[in-house]
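Structural description and commentary
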Amino acid sequence: MFQYLIRRLLISIPILLIGSFLLFLLVASAGDPLAALKSKPGVTAAQIHTLSVQLGLDHPVLVRYWNWLTGFVRGDWGVSVALGEAQTPVIDTISSALWITMRLVIGAELIALVLGISVGVFSAVRQYSIFDYIMTSVAFVMFSMPIACVAVVIKGYGIQFNDVLVSLHLKRWLTTAGPPPGGFGNNLGQVIVNYTGTFILPTISLMTISFAAYSRFQRASMLETLNADYVRTARAKGLSASRVLFRHAMRNALIPVSTLFALNIGAIIGGAIITEHVFGWNGMGTVLVSAVTNYDPPTLMGWFAVTATVVVVFNLLSDLLYGILDPRIRLG
Amino acid sequence: MANVTQSTAVGTAAAVRSEFDAKARSQSSIIFGRFVRHRAAMISLGLLLLLVLAAFLVPPLLPYNYQDTSSGGFLKPGGGHLLGTDQLGRDTLAQLLRGTQFSLAIAFTVAISSTVVGVVIGAVAGYLKGFLDNALMRLVDLFLIVPQIALAAILVHAWSSTWWVVSIVLALFNWMSIARITRGEALSLSAREFIEASRAAGAGTWHIVFKHLIPNMVGTITVNATLSVSTAVLTEAALSFIGLGVQLPDTSLGLIVNDNYTQVLLRPWLFWGPFLAIVLISMTISFIGDGLRDAFDPRQTKVRA
Amino acid sequence: MRRSKAIPAIAVMAGAALMLTACGGSGGGDQGSGSTSGGATSGAIAKGESGDTYTAPKVNDMGAVVVSTDKPFVAYNNATADSVQSYNSYALIQVLARPFILDGNNKVLLNKDVMDSVDVTSTSPNQVVTWKIKKGVEWSDGAPWNCKDFYLAWLSESGQDVKPDKTTYFNPGSTTGYSQISSAKCQDDQTLVTTFSTPFGDYKSLFGISDEILPAHILEKQTGISDITQVTPQSPADVLTKVSTFWNTGWKGFKADLAPASGPYKISNWTQGQSITLVRNDKWKGNPGGPSQITLKALPDSNAQVQALQNGEEQVLSSAQPDPNAASSLQSLGSSGITYGANAGLNFEHLDLNFKRPLFQDEAVRKAFGQCINRNELVDKLIKQVQPDAKPFNSVIFFPGQPGYTDNYSDKLIANPSTAKQTLTADGWAPGPDGIMAKGGQKLSFKISHTDIPRRKQTVALLQSECKAAGIDIQDDTDPHFLDKRVSDGDYDVALFAWSVAPFHSAGITTYQTGGNQNYQGISVPAADDAFKKALAQTDASAANGDYQAADKAIAESYGTFPLFQPPNMWAYTSGIDKAYFQSYYGALWDANEWQKPNS
């Protein structure tokens, strides 16, 4: 097991290196970071030159990649080159955004996973039942629903709920726009009230889409395992229905979902872009969108490096999980 | 649980019976027969065909074309405008149908091209094994380490926001799962006797891949292709939302929904049309996918109430 | 001297070109209820305004307020080329004191809380401006706010600190005006004397309008320089390197010990990418502000801002990139005590015709194109949902409300395709079989190039159908990178973009003067050139007004550039606050020190 882990880690490193180099080329060729400055009235060639020297943009791309890579390893991720970003160190931007995003998405994702798996298993067991059809339709409506629209509607209800609280002479509880600027409060009671009030609405809206994906996936893989020979054998042996279902079928059916979760986590850490946007949580998604629209290569590279590393690590974890879930798989 | 066992048994029996009908039937007609009997899939297919026909045949019949800005902005439904007009005074129904055309075009381009790429890479890797397999699978890993939407955003922003650029970019980051699945299947198929036989007979790699491997994986491939159609519609909608997807003069359902979602209370007709069209496309295609999977996989044929 | 003032509102031009256009596009408010209220528009005049001066008024304490805007605060030093943007100004207006402030109508007011006077003390041989600072004004760390701080602003932005390789030590966002100051001398701690090498009428735009008066004593402490006024652009390289490095990089973000305040509020907390919190500056000598604490929060989605306002999470909403849907939701909230306002921003969308294209050397073509443009339709369909009283924009030099603004375009852009057709026919053009006019085998067809902002695409879509009736064929050329290079290379037929300019008229000169720096379209109007020359010789901005008006008129008569409209700003506030107004340069906080509860 340990050996396997080391081997996988060693394979990951060249992949990350090649990936980062290709991304660097891609990002470097996607535009001119000083374009906005150049099109601004009253900017002289000398000013542009000063800035370009200062930011190291006058070197060839290979040198820039090498500088970036060596800097990255040492913890110097470069500075933002987008106009108006004041050369903010990328590591500061990314780490503060990552913290915001993690707080927002992890809880929502875990709840969605548990709910999705339960619904998926139940739908598979009762395939083509009314429940199955309803959940399938719900999943697709949720899938297709623009999450922004879900958010607007949920926030609308939240505001009405608060209005009811106010009419009962209570304080407004649910908030719609990001973490509270002054922190969550001083005593435990206050923190709990503020914390839940802040997280409930975005969590519900984030859950909808992930829940739909997990439930569909779990249903499909559950159907597959329910028809597998070893499940049939287990049944034939006269094992109890629930034992067959949970010990044999479901355990194996979790494998694809865990892969999906591992792949998903990268996208999730990369930011629940839309949810962040409409709920005013300026996390990884916001960083990505503004780095793309303002064309900011160092920030983009930092962003990619972090999400790619997270994906690699989670893939590794999901591989390890395989070994636990499926007795046929031996790692080594 | 008992009824599951029972229904499986009955299902197998039904499948067995149909295979032992008086008339000898080819594999494909059996599959077709199973598909036709899948009710949800057939209804979905009908609805999807209707939608496609509407998207391409109705626009010329409308009193206004999609570019006509001569009417007032935000007219209510009625009169010449069945679904009212948008901000510029363009007919919403014409916009909606045009959006459907573009969304379908994007979805099918993405599904077809990513399936072709994924299947070829997966089949070659699975068949040849060894170094090439390893290299191709690392390539897959390489593509998987970055969130698709992020790369798509960069490329669309760097190139342009026409529908075909968006399609190509989405396809570029959508072939990996198909490649992985195909590789798995190719691995197990290539160990089978008929492949070994044709290899012994001197058939070349490409001949074996295209004449033997791929035809035998048609089931998996079709199912995954249908799934990627609906994924493509939804990913495009997400890209449009952050302003990095298709943009005018091209359009898409995602773009129209996102232009209008805040109007859901004020002018509901602007929102619900495109929204229902997206749900309809992704839902019908998935049901068709379900139907195909059941049809290709005899073990999954169950008796439906 | 030929350069327009580069201003913080860069976000409007470059930023808007790239802005997140998430939910925008269409939407609007034909329900018409609760539109701009009288209270919202009269808010343009500051309570402390008296003639040409300003003194912070006495107001009552109103507790903490939360204000939202589109983007986060980034840097305390908003004068470097890489940091300059309006969202820094939105907070700094209350933090950094300045000799002149602008009211809601962009009227320039002398800040009597910190200044005694600013006068032109000589006009020949050279223009000399003397700045007299009020005694006793302090930074929040107790150090005096004095001539040193002014001197540093000139030193950093003079552009005269050139290295042998032609780059400069300091990295300022703009050198306009400062580069014309040949000497800046501190006569005493309270008096700065600036001598201009060439006349500069807009001297009031210097030293503070763009947040450039930073704490020189902090820089001295950090760099070990004992007296900054001994450093000149010609000082030894090691000294300049030391000083400029700190100025360029030391004031990014917010570090409490490096970033004191000289205005009514000081920064107490900054969360990168999210929010900035201001509290009253206890060293402020003027009347203290009403809010005990101001939190300026970044909410990029204006619909999210609306719901936050509705939910009582914030008291004031402000957006320089308003979404029509959000605007119509706000306008329908009048009954819940929310006051909505919208005004025109300090920028304007316009069409530039490229004189290097043979087609546009033909005056009849330019004239006919103008005649088919229906600006009222553009304003009705694109702007009025946000700003119900919006009007087409009729000048390229003045903004509405400024003395000198005259309508030069309504008789030229007449929205009449048949007149346009006649103009063309008279010039020998004739309709071809496809309905498009042609002359000598050349079809009357051209491209309008622009970046991928939805509003620009919509503008082109409307122009296309308006001019089709006149036999003019317009192609849409959307290029996300259009403003990167193509516009300055003059690589277009017709360009559609926005100029964002400070409310100082010299801004227009380089754009429309023959051979000017931003004259990308190759326009050349001798009458305008003469008028600009006269205007530049004036040492006082108001004396130059007539010359600018003449230039404006001459440019209009050349049919070379067509101003369309001003993109709007919007704001709204709850009933817990007596007034708020979006200052087009400084955002919603420009008068935050005057806020209090209504009827208190």
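Within an unreviewed UniProt entry, the label attached to chain C reads Peptide/nickel transport system substrate-binding protein, and the organism entered is Kutzneria buriramensis.

The name given to chain A in an unreviewed UniProt entry is Peptide/nickel transport system permease protein, and the organism recorded there is Kutzneria buriramensis. Under the UniProt heading Subcellular location (unreviewed entry), the entry covering chain A gives this text: "Cell membrane". The Sequence similarities (unreviewed entry) field of the UniProt record for chain A holds the comment "Belongs to the binding-protein-dependent transport system permease family."

Bringing the environment of C:Lys533 into the picture now. Residue and element names in this part refer to chain C. By secondary structure assignment, the location of Lys-533 is in helix H16 (residues 526–536). Residue classification places Lys-533 among the exposed residues on the basis of a relative accessible area of 59%. Spatially, the C-alpha atom of Lys-533 lies 37 Å from that of Ala-75, the residues being 458 residues apart in sequence.

Under the UniProt annotation, the feature "transmembrane region" (unreviewed entry) is placed at residues 104–125, 137–159, 192–214, 253–274 and 300–325 of chain A. Taken as a whole, residues 192–214 of chain A contains 100% helix and 0% strand, while its terminal C-alpha atoms sit 29 Å from one another.

The next subject is the domain arrangement of chain C. Residues and elements named next belong to chain C. According to the domain assignment, chain C consists of domain 1 (57–95 + 263–345 + 569–599), domain 2 (96–249) and domain 3 (347–565). Distance from the C-alpha centre of domain 1 to the C-alpha centre of domain 2: 28 Å. Each partner contributes residues to the interface: domain 1 has 26 residues there, and domain 2 has 27 residues. When the two sides are added together, the surface that domain 1 and domain 2 hide from each other amounts to roughly 2100 Å², 50% of it contributed by carbon and sulfur. Across the domain 1-domain 2 interface, the total number found is one salt bridge. Ionic pairing is found between Glu-138 and Lys-285, a salt bridge with its closest N-O pair at 3.5 Å. Where domain 1 meets domain 2, there are nine residue pairs in polar contact (both at pLDDT 80 or more).

Glancing now at helix H10 (residues 363–372) of chain C. Residues and elements named next belong to chain C. Within H10, eight of the ten residues are buried, which leaves the element mostly enclosed by the surrounding structure. Within H10 the residues assigned to the buried category are Ala-364, Val-365, Arg-366, Ala-368, Phe-369, Gly-370, Gln-371 and Cys-372. The N-cap of H10, judged by a side-chain oxygen 3.1 Å from the amide nitrogen of Ala-364 a few residues on, is Asp-362.

Reading guide: rules and limits
Residues numbered from 1 in each chain as written. Chains lettered and ligands numbered in written order. Predicted model: local features only at pLDDT ≥ 70, side-chain atom pairs only at ≥ 80, totals over all residues. Heavy atoms only, no water. UniProt positions renumbered as here; feature names shortened; annotations may be inferred. Helix = DSSP H or I, 4+ residues; strand = E, 2+ residues; numbered from the N terminus. Buried < 20%, exposed > 50% of the residue type's maximum accessible area, 1.4 Å probe, protein only. Domains from an automatic or database assignment. Contact = heavy atoms within 4.5 Å. Buried area = accessible area lost by both parts, 1.4 Å probe. Salt bridge = Lys/Arg side-chain N within 4 Å of Asp/Glu carboxyl O. Polar contact = N/O pair within 3.5 Å; in protein donor to acceptor, adjacent residues only side chain to side chain.

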